[in-house]
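Remarks on the overall topology
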Amino acid sequence: MKKTLFLLLLLPLLAQGKGLKDTYRRHFLIGVALNTRNVNDDRQLIIRNFNSVTCENAMKPAEIHPAEGRWNFREADSIANFCRAHGIKMRGHTLLWHAQFADWMYTNADGTAATREEFLRRLHDHILTVVSRYKDVVYAWDVANECVADGGPTPYRDTRHYRLLGLDALRYAFRYAREADPNALLFYNDYNAFQPAKRDRIYNMVRQLKEEGTPIDGIGLQGHYNIYGPDMALVDTALTLYSTIVPHIHITELDIRLNNDMGGALDFQRQAQPATPEQLEAQKKQYRDLFRVLKKHRKTVDCVTFWNLTDRDSWVGPTNQATLFDTEGRPKPVYDVVNH
Ligand code: XIL
């Protein structure tokens, strides 16, 4: 009788099954990008499924360091404190980027353009302050984000930091991050990192920087995909290639949307609505194929992070249905495909 009662009490728990992080325990960490609403409203969902967290925006220079000497730690702290309280590790995102960056670093108080030394002094101060503040909880940093060009004759993206410093911007950013936290894994992160031409540019750049002594531990593939592409065989090839030069690979921003805008060319107005059964099946197939490839590379792939928790939070809009949870935070059928 007692036994039956015990089993009955256990049933709801068993029926819930394993969370994502448990399903992939022997493969890699499962992460999620969060906003501050999530850490207030979606605590159970997060705790149950994820063992790595990235701030969707809160640690970006424009958010956390909007002007010289002005810091805004509030949002990043609230997410970091949630993670600290629940023993969840974090990925830091990001330190050097052309978007959502601390653009003030390029201009002096008197309006003149910053010299290379003036810019680097500010970047150093920025990186030392942010990385030190979260070093107890952040185990990996996206140090440099999206520095490679999608096309054109030069392999590097034409950014302000590239115009001012060339590849030195990356060399210094990685060195400063290492100085601030010798234990953090330092990543180069980019989108469309599976596309052969861009893949080779990323490979060449990271290889060159590493050979010169720049402390890069890993490559991040953002993973903003859709139901038409990429062919996961390309992801497979990219992972094989990258793993010859770095010991760590993370999928840093995974979502698979229903429309077919790729990478930088997003058009949120062209969201698929309403979703057809065919689209939802194609999405399942993409997620299924991807995780098959990722499992195969589990020796180098050690974290897979979803970009946004629910379709409500998704940066590509709710009707793209790109995440595993619906706008109410309920697991969708595609969740079961991944949590398998
Ligand atoms: C996105 C956020 O999700 C949005 O909320 C924000 O408005 C723009 O940036 N690549 C990255 C991420 O490295 O930081 C971006 O995040 C998505 C593309």
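Criteria and cut-off values
Residues numbered from 1 in each chain as written. Predicted model: local features only at pLDDT ≥ 70, side-chain atom pairs only at ≥ 80, totals over all residues. Heavy atoms only, no water. Buried < 20%, exposed > 50% of the residue type's maximum accessible area, 1.4 Å probe, protein only. Helix = DSSP H or I, 4+ residues; strand = E, 2+ residues; numbered from the N terminus. Pairing = 2+ DSSP bridges. Arc of directions from axis to C-beta. Contact = heavy atoms within 4.5 Å. Polar contact = N/O pair within 3.5 Å; in protein donor to acceptor, adjacent residues only side chain to side chain.

1. Topic: the pairing of strand E9 (residues 301–306)
With respect to burial, E9 is a largely interior element, five of its six residues being buried. Sheet analysis places strand E1 (residues 29–34) next to E9, joined by four bridges and oriented parallel. Bridge pairing in E9 links Ile-30 to Val-304. The pairing of strand E8 (residues 248–257) with E9 spans four bridges and is classified as parallel. By the bridge assignment, Ile-249 is partnered in E9 with Val-301.

2. A few points about helix H11 (residues 232–242)
Looking only at H11, the buried set comprises Met-232, Val-235, Asp-236, Ala-238, Leu-239 and Tyr-242. Burial along H11 is one-sided: seen end-on, the buried residues are contained in an arc of 165 degrees. Buried positions along H11 lie against helix H10 (196–211), strand E6 (218–221), strand E7 (224–226), E8, helix H12 (277–296) and E9. Capping the start of H11, Asp-231 holds a side-chain oxygen 2.9 Å from the backbone nitrogen of Ala-233, two or three residues further along.

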